[in-house]
Amino acid sequence: MRVGLFVPCYIDQFYPDVAHSTLEVLERCGVEVDFPVAQTCCGQPMANTGCTDQAARLAQRAAEIFAPYTHVVCPSGSCTSMIRHHCDEYFETSDDFGLRGKVFELCEFLHDVLCVEEFGVHFPHRVGLHQSCHGLRELRLGWSSETMTHRDDKVRRLLQRVEGLQLVTLRRADECCGFGGTFAVNEADVSVAMGLDRIDDHAQAGAEVIVAGDMSCLMHLEGLLRRNKQRLEVMHVAQVLAGRPRAHEVVSRDANAKRLERGSP
Amino acid sequence: MSALPIIEHPRAAAEFVANRERTRWHDKALWFVREKRDRMVRTIPEWEWLREMASQIKTHTIANLAEYLEQFERSATAAGAHVHWARDAEEHNTIVLRILRENRAQRIVKSKSMLTEECHLNPFLERHGIEVIDSDLGERIVQLREETPSHIVLPAIHIKKEEVGDTFHQHLGTAAGASDPKYLTEAARDHLRDKFLRADAGLTGVNFAIAETGGIVICTNEGNADLGASLPPVHIASMGIEKLIPRAIDLAVFTRLLARSATGQPITTYTSHFHGPRRDLSGQQTGQLHLILVDNGRAQIRDSPEFREALHCIRCGACMNTCPVYRRSGGHSYGAVVPGPIGSVLSPTIDAKRHKSLPHACSLCGSCTDVCPVRIPLHHQLLAWRKELAARRLLPWSKRLAMKGVTFVFQHPALMNWMGKMSRMALRWTPRPLIYHRWNDWGKGRELPIPPQQSFREWWVKNRGAGSAEVQSAHETDRHRRPKEE
């Protein structure tokens, strides 16, 4: 097994810890991981805007870069779904280097391929699970509330294997947060309204942290939380599985350390 | 048509969303219907099988549409109905007017029909001196307020009961300030009963037309279609050519799906079957039944492999109830006869330029696709429309240019890395007002991410890249437990 790590561009640039966490989780499972540095983007923003030529160029590029690997793992349901379900519109079957068949979303890889039973980490907090739409309805990582087809909820299952983690019950189990890629800026007002409603649902359920498999949803929700100075936090599922503490714990730990340095109680 | 103004969904939606309290109320009202639908669906273990069945029946019917239409015409004519064919809205309206004139009809009652909305029949008939009364309660409310329906099943879902009270006070003389739904419904009932009794003709829509029997089926909850079809001597039923199903036995699949998906009811209160004109007990014909089969762009949709499945639609409205954008932006923001996901697929087929913002009024969450009782891949069709719009050069140049620019950067990793570094630095050091200004749509309601010092790529190149000392050691020093090897 030779795993190529596919890191979505915004994670690389703005949330590198999500990529670090993904790497750590995979390596702890004994997987040899490589990060081909030529990678950039799967082409989803272009595809979702309708810019076929541009999307094709990037999809093709990604396929070539990941050709040497047996598995490609990506900490994003959305980018994974772009490659698995939509890239075929952009290139001939022969030149996708088998990418569609070997790309996995992180949770799906841990759950279905590695069958990880425990992560040896604990996270003693109340967690609201945000089901990112593309993971849920495109990759079918879980059972969407509209359908009657029973499916394992892979992300939830993995989180249940984290010691101390308590999942709260939301009123709307899988409503969209309103990110939607370019939708977030095209339809900024509706997008913000949707995000605020999602946050309210997590807050009323008593969640301390919103956890999701897609950092893009969380980037949107985090932006709202920070703007409105709410205490609720967001974390990518990889960060929880890697044993990262909550951000406010880090802050208070650092504050304590500083206090100790200064010698004050 | 293209002379009509271009609909800007984001702008119309922003106006609706600006009233936070009302948006929440609208969202909750529709979510209530969605949840009712979920409860009802969970009682049907074979739900997914039904959806698949319905989808296959529709696929088959649309593939053999010409044969089934001819079969329907033969059987309906044999049952005594008059069958008319309309190529477009104008022809449909002209046929209706001709039938009314032939029967000296001045006053007509109309039950819910999205097709007549699509054809703008009401204003056309009114221009020709005919009184048209919408007899569905929601549609009557909307008609009295001189608005259009904001939802295909719940036309007045955007109006609060207090506002209905005001409208009825003004038009029907109910007590000022009255908002009790029962009282208001009684008032509407009395008002409409009089209209039914005096009507010269009744217009209805059609939910299903059966090729085998020549019969039509109309589903309502208020019984208004039945009164409209039974009291006046002339019944005109307008239907899109996609309403066809091959056999009577196929109907069961659809009636089980329709009401559950639409309103979370096991079945509509009235499911009325009409086979030919009405007759008395001795079998003597006592009325006329006119069936108008309308194309109005449907054949064109049928010819397109991308959007053909949109013709499966049974107009249940479930995609509207589930759509997080529709619930928050309101039906009128779509500026189309049919709003919501299915409307955003259908409207651009009529006029792509006018409705070009609609396929983008979607976060691609896919809930509509999963809720659709006839399995139309709605969000993938919206995605297909975006492609189509860009190909027809209906995407703003600014977006086209931006995507080209970003693609260029993404083809050059070093450039991307440098630009990433620069923008992270800029984000850190630029004064806030220069970042959060009115052209920053992201920043209107949200903060941008806190930029980290180092991208993952930079870290990797430094610590794990070729020649890096840590490459080996990282793999050798087992910093962590390894639960199990594969």
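Sequence positions are assigned chain by chain, starting from 1 and proceeding in written order. Both sets of labels track the order of writing: A upward for chains, 1 upward for ligands. Given that the model is predicted, a residue must reach a pLDDT of at least 70 before its local features are reported, and side-chain atom pairs must reach 80 or more before they are shown or counted; all residues, however, enter totals for whole chains, interfaces and linings. Values shown for side chains rest on all heavy atoms present in the structure; no hydrogens or waters enter the calculation.

Undergrad: Sorry if this is basic, but what is going on with unusual backbone geometry here?
TA: It is generally the case that most residues other than glycine have a negative phi and that most peptide bonds are trans. Residue and element names in this part refer to chain B. With phi around 50 degrees, R104 is a residue other than glycine that occupies positive phi space. Helix and strand assignments come from DSSP, with helices taken as H or I runs of at least 4 residues and strands as E runs of at least 2, each series counted from the N terminus. Following the sequence through the fold, R104 ends up in the loop between helix 5 (89-102) and strand 2 (107-110). Even without being a glycine, R393 presents a positive backbone phi close to 60 degrees. Position of R393 among the secondary structure elements: in the loop between helix 18 (378-391) and helix 19 (397-410).

Undergrad: When you look at the pairing of strand 2 of chain B in this model, what are you seeing that I'm missing?
TA: Each regular strand carries side chains that alternate between the two faces of the sheet. Residue and element names in this part refer to chain B. Here strand 2 pairs with strand 3 (residues 131-134) via four bridges, running parallel. The partner of R107 across the bridge, within strand 3, is E131. In this analysis, strands are considered paired if DSSP registers two or more bridges between them. Alignment of strand 2 against strand 4 (residues 201-204), held across three bridges, turns out to be parallel. Bridge assignment links I108 to a residue of strand 4, and that residue is A201.

Undergrad: Is there a simple way to explain the sheet that holds strand 3 of chain B in this structure?
TA: Two strands in a sheet stick together by hydrogen bonds in their backbones, pointing the same way (parallel) or opposite ways (antiparallel). Residue and element names in this part refer to chain B. Across the sheet, six strands lie side by side as 1-10-7-4-2-3; this open sheet has parallel pairing. In this open sheet, the two edge strands, each paired with only one partner strand, are strand 1 (82-86) and strand 3. Strand-to-strand twist of the sheet, defined as the mean angle between neighbouring strand axes without regard to direction, takes the value 20 degrees. Two elements, strand 7 (residues 234-240) and strand 10 (residues 288-294), share seven bridges in a ladder whose sense is parallel. The partner of M239 across the bridge, within strand 10, is L293. Note on contacts: a residue pair is in contact if any heavy atoms of the two residues lie within 4.5 Å. The axes used here are C-alpha line fits, helices contributing only the stretch in contact, and every angle between their N-to-C directions lies in the interval 0 to 180 degrees. This element, helix 8 (residues 137-144), spans strand 2 and strand 3 of the sheet and lies at about 130 degrees to strand 3. Seen against the sheet, helix 10 (residues 181-198) touches strand 2 and strand 3 and runs at an angle of roughly 135 degrees to strand 3.

Undergrad: Help me understand the domain arrangement of chain A in this model?
TA: Interface size is often expressed as the accessible area that is lost when the parts come together. Residues and elements named next belong to chain A. Partitioning chain A into structural domains gives domain 1 (2-113) and domain 2 (126-249). What counts as a domain boundary in this text is fixed by an automatic or database domain assignment. Between the C-alpha centres of domain 1 and domain 2 there is a distance of 21 Å. Taken residue by residue, the interface counts 29 residues in domain 1 and 25 residues in domain 2. What gets called buried area is simply the loss in accessible area from a 1.4 Å probe that two parts show on being joined, summed for both. Both faces considered, domain 1 and domain 2 share a buried interface measuring about 2,300 Å² in area, 59% of it formed by carbon and sulfur atoms.

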